[in-house]
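Take a look at the letters that make up each chain.
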Amino acid sequence: MTESEVVTRGSHGWREISRQRKREIIEAIVSGSATRGPAHIELDLTDRCNVDCYFCNQQDVRSKQQIPLEKLKLLIDELVATGLASVRLSGGGDPLFHREIVDVLDHLSSRGVVVDNLTTNGVALTDTVARRLVESEAREVIISLNAADPEDYQRMMQVRPELFSKVLENVRHLVALKGERVAPVVGVQFLIDRENFQKLPEMYALGRSLGVDRVALNSVLEVHNARISEGTLLGADDAEAVRPYMEELVRLDSDARLLLMNFRWDSWNQTLARAYEKAGYAPPDLFPVAPSFRDENGSCFFGWYTAAVTGTGDIYPCCMLISPFFQPLGNIHEGTFDSQWNGERFTAMRREMRDVMVDKRTRHSPALFQVLKRECVEPHMCWLKNGNFRGDEEFYRELGSSLDELRKQRETGLSFRRFKKVSVDFFLDRPSLRQIWDRVRDGSRPLRVFLKKKFGWDVTEHP
C-alpha cells in the first residue's frame, strides 16, 4: 500500500474533521457536556441481508426493516447542520440492499458528506453503485469474502456457492473502474476458524489476484447464542498451529505489502512479529502511535464523537455494541437526533466514559457501569476505540494536558472535601466557634465565588 493510499483509506472519519472540532471534543470531555452533534456516524441503512454469516454479531437483532429514504434525508440534513463530516455505511444487513441505495449515496454527496467506509458482502455491488463510489471519492470500500473457495463461502456465509463467483466479478469491476485513482482504497477481508485456517495462503493469493489495495485477515472471535460449537473457534493457544501459515503469508507478501493483520491475542501478534523478523522486513504501520499518546488517555471518547444507527432506527454508541445485550441509547423515529444526543442514555454514557478517562479505571463492574460494557472499559478488548486516532499528535497532547489538569482538580477537590468535613464538623459541634464560622462565611462572598468558579468548591455546603 502506498503512502497516499494510507492517507486516503477510512479512518472512522477522523481525517475529515477540523482541528477546531477536535478541540470542541476535548472541551466537552473536560466540562462533562455534549458536543453539538456527531462528527461521524455509522448508518446501518437496512437490516435486510442476502447472506446469513454464522459469525455476524448483529444477526440476533436483525429485522427486515430499513430506514426510509425520506427519513434518511431528514436525518442527514439534521446531522450536517451540527457538523457531520463523514459516514460509514455498514449494517445489521448489507447497506447495498437498501432499496434506494443510489439515492442515499447521491444525497450524501450533495450535502458534502464523505463516505469514509462502505463494508459490504459485494453481491449488490452493481456498476451504478461502483461508479457512485468512485466518482464521489469514497475513502474505502471493504468487501467481506471470508473464504477462499465456493465451498467454504457456503459454509461461512450460509448461502449458495454460486454467489462467490458473482462477488469476485463485482470486485474486479470496481477495481477496474477505480483505475489509477487513489480513492477509494479497495480491500477484501477474510475470517478464519478451525476449519479453514489452513487456507490462509489461498485467501491471500485470491485477494492479490483481484488487484485490490488491501487484504485483511482475522479470526472469528465469538458467536452469540451457540449458533455453532465453541470448538470451531480458534483461541490464544492456537498461535503455534497457525504459525506456519502466517510465515507463508508474510513471505508471499514481501513485494506487494497488501496484508493487514492484527489479532486479539498477544500470542498471535508475537508470532506474527517473529514471522516478519524471519522474512527480514517490517509490517506496514497502518495505525501509528504519536509520541503524545499515553495508554491512560486512550479510553473511548465515542460519546462525544460518533454513534451508530440501525435499520430499525435504534441508536448505539458504535457497531461493536449492536447486540441483544445492549440497550439502545434512543431511536431516530422518536423525536430529533439532537433530543437523543442530549438525552438521558447518552448523558449517562458520557458520564461513565469521563470517569474512565479521569479516574483511569481499567476494570469493569456492573455496579459502576450501567451503560458501558466490559470491552468499553478494559484495555485491549476493542480495536475500534482508539486505533484510528492515536496517531494524532496534537489531539493527544491537548487531551492529555486537559485530563492531567482535570485529574489534579479532582484530587485537590477530594482532599479539600475531606479537610472541609473535618473542619466544619469541628466548628459546628462547638457553639462558640460556630458564631465565628458564620461571620467568616457570610463576610467572604468574593472568596466563595472565586473558589466555586475556579475549583467547583462550595464552602457553604455542609458535607
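Here the structure is a predicted model, which means the values were calculated and not measured. (Residues numbered from 1 in each chain as written. Predicted model: local features only at pLDDT ≥ 70, side-chain atom pairs only at ≥ 80, totals over all residues. Heavy atoms only, no water.)

Undergrad: Which residues make up the overall build of the protein chain, and what values go with them?
TA: Helix and strand counts for the protein chain come out as 16 helices and ten strands. Buried residues in the protein chain amount to 52% of all 463 residues. When the accessible surface of the protein chain is totalled, it reaches about 21500 Å², and 50% of it is carbon and sulfur. (Helix = DSSP H or I, 4+ residues; strand = E, 2+ residues; numbered from the N terminus. Buried < 20%, exposed > 50% of the residue type's maximum accessible area, 1.4 Å probe, protein only. Areas by Shrake-Rupley, 256 points an atom, 1.4 Å probe, with all protein chains shown as cover.)

Undergrad: A description of helix H8 (residues 200-209) should follow, citing residues and the corresponding values.
TA: Listing the buried residues of H8 in full gives Leu 200, Pro 201, Met 203, Tyr 204, Leu 206 and Gly 207. Buried-residue contacts for H8 involve helix H7 (163-178), strand E5 (185-192), strand E6 (214-219), helix H9 (239-252) and strand E7 (259-261). After H8 finishes, the residue Gly 211 shows a positive phi value of roughly 80 degrees. (Contact = heavy atoms within 4.5 Å.)

Undergrad: Describe the packing of helix H3 (residues 69-81) against helix H4 (residues 101-110), listing the residues and the values that go with them.
TA: In the contact formed by H3 and H4, the axes pass within 11 Å of each other and the chain directions differ by 20 degrees. On the basis of their axis angle, the class for H3 and H4 is roughly parallel. Viewed along their axes, H3 and H4 form a crossing whose handedness is right-handed. From H3, Leu 69, Leu 72, Lys 73, Ile 76 and Asp 77 reach across to H4, where they touch Asp 103, Val 104, His 107 and Leu 108. Of the residues belonging to the contact of H3 with H4, the class tally is five nonpolar, one polar and three charged. (Axes fitted to C-alpha atoms, helices over the stretch in contact; angles between N-to-C directions. Parallel < 35°, antiparallel > 145°, perpendicular 65-115°, else oblique. Left-handed = near helix turned anticlockwise from the far one by under 90°. Nonpolar A, V, L, I, M, F, W, Y, C, P; charged D, E, K, R; others polar.)

Undergrad: Give a description of the pattern of salt bridges that names residues and reports values.
TA: Enumeration over the complete set of coordinates arrives at 35 salt bridges. Between Asp 149 and Lys 199 there is a salt bridge, with its nearest N and O atoms 2.8 Å apart. Separated by 50 residues along the polypeptide, Asp 149 in the loop between strand E4 (140-144) and helix H6 (150-157) and Lys 199 in the loop between E5 and H8 bring together distant segments of the chain. Looking at Asp 149, the relative accessible area reads 14%, which means it is buried. A salt bridge links Asp 355 to Arg 410, with the shortest nitrogen-to-oxygen separation between them at 3.7 Å. On the criterion of sequence distance, the pair formed by Asp 355 in helix H12 (residues 344-359) and Arg 410 in helix H14 (residues 393-428) is long-range, its members being 55 residues apart. Each of Arg 19, Lys 22, Arg 23, Asp 392, Glu 394 and Glu 398 takes part in salt bridges that share partners, so that together they form one network. (Salt bridge = Lys/Arg side-chain N within 4 Å of Asp/Glu carboxyl O.)

Undergrad: Can you break down the packing of aromatic side chains residue by residue, with the values?
TA: Enumeration over the complete set of coordinates arrives at 21 aromatic pairs. Aromatic pair Phe 197 and Tyr 245: ring centres 5.7 Å apart, planes at 85 degrees, arrangement edge-to-face. With Phe 197 in the loop between E5 and H8 and Tyr 245 in helix H9, this pair connects stretches of sequence that are 48 residues apart. For Phe 197, a relative accessible area of 10% gives the class buried. An aromatic cluster of three or more residues is present, and its members are Trp 14, Phe 293, Phe 301, Phe 302, Tyr 305, Phe 389, Phe 395 and Tyr 396. The residue whose ring lies beneath Arg 345 is Phe 326, and the NZ or CZ to ring-centre distance is 5.7 Å. (Phe/Tyr/Trp six-rings, centres within 6.5 Å; stacked < 30°, edge-to-face > 60°. Lys NZ or Arg CZ within 6 Å of the ring centre and 35° of its normal.)

Undergrad: Quick rundown of the pairing of strand E8 (residues 306-309)? Include the residues and the values.
TA: A two-sided burial pattern is seen for E8, the buried positions comprising Thr 306 and Ala 308 on one face and Ala 307 and Val 309 on the other. In this structure, strand E1 (residues 40-44) lies alongside E8, joined through four bridges in parallel fashion. Bridged to His 40 within E8 is Thr 306. Here E8 runs beside strand E9 (residues 314-316); their pairing, made up of two bridges, is antiparallel. Across the sheet, Ala 308 pairs through a bridge with Tyr 316, a residue of E9. Connecting E8 to the next strand, E9, in antiparallel fashion are four residues, including Gly 313 with a positive phi near 95 degrees. (Pairing = 2+ DSSP bridges.)

Undergrad: Describe the nonpolar core, naming the residues involved and giving the relevant values.
TA: Core analysis: the biggest nonpolar cluster contains 126 residues, and Leu 43, Ile 143, Leu 145, Phe 301 and Phe 337 have the highest contact counts within it. A total of eight residues in this core trace back to one element, the largest contributor, which is H7. Beyond its immediate sequence surroundings of up to four residues, Phe 337 is in contact with Pro 38, Ile 41, Leu 75, Glu 78, Leu 79, Ala 307, Val 309, Ile 315 and Ile 332. (Core = buried A, V, L, I, M, F, W, Y, C linked by side-chain atoms within 4.5 Å.)

Undergrad: Break down the pairing of E4 for me, citing the residues and quoting the values.
TA: For E4, the tally of buried residues reaches five of five residues, placing the bulk of the element in the interior. Taking every second residue as pointing to the same face, both faces of E4 are buried, with Glu 140, Ile 142 and Ser 144 on one and Val 141 and Ile 143 on the other. Across three bridges, strand E3 (residues 114-120) lies against E4 in parallel orientation. Bridging from a neighbouring strand, Thr 120 pairs with Ile 143 of E4.

Undergrad: Residue-level account of the side chain of Arg 21, with values.
TA: Summarising the element assignment, Arg 21 is placed in helix H2 (residues 19-31). Relative accessible area serves as the criterion here: at 6%, Arg 21 is assigned to the buried category. Within the structure, Arg 21 has its side chain in polar contact with the side chain of Glu 24 (distance 2.9 Å). Those residues in contact with Arg 21 that lie beyond four places of it in its chain are Arg 36, Gly 37, Pro 38, Ala 39, Thr 82, Gly 83 and Leu 84. (Polar contact = N/O pair within 3.5 Å; in protein donor to acceptor, adjacent residues only side chain to side chain.)

Undergrad: Provide a residue-level description of the environment of Ser 299, including the pertinent values.
TA: Within the secondary structure, Ser 299 sits in the loop between helix H10 (266-279) and E8. Considering only alpha carbons, one finds Ser 299 and Thr 362, 63 residues apart in sequence, at a separation of 9.3 Å. Those residues in contact with Ser 299 that lie beyond four places of it in its chain are Val 356 and Met 357.

Undergrad: Describe the environment of Ser 109, with residues and values.
TA: Tracing the backbone through its elements, the reader meets Ser 109 in helix H4. For Ser 109, a relative accessible area of 45% gives the class partly exposed. C-alpha separation for the pair Ser 109 and Glu 137, spaced 28 residues apart in sequence, amounts to 9.6 Å.

Undergrad: Before we move on, could you go through the side chain of Thr 271 and cite the residues and values that matter?
TA: Mapped onto the elements, Thr 271 comes out in helix H10. A distance of 2.8 Å separates the side chain of Thr 271 from the backbone oxygen of Ser 267, its partner in a polar contact. Setting aside anything within four residues of it in sequence, one finds Thr 271 in contact with Ala 239, Arg 243 and Met 246.

Undergrad: How would you sum up the sheet that holds E8? Please name residues and give values.
TA: Pairing between the strands of a sheet comes from backbone hydrogen bonds, and it takes one of two forms, parallel or antiparallel. Strand order in the open sheet made by the ten strands is E7-E6-E5-E4-E3-E2-E1-E8-E9-E10, with mixed pairing throughout. Of all the strands in the sheet, the pair left with one neighbour each is E7 and strand E10 (330-331). Where strand E2 (residues 86-90) meets E3, four bridges bridge the pair, whose relative direction is parallel. Among the inter-strand pairings, Ser 86 is bridged to a residue of E3, identified as Val 114.

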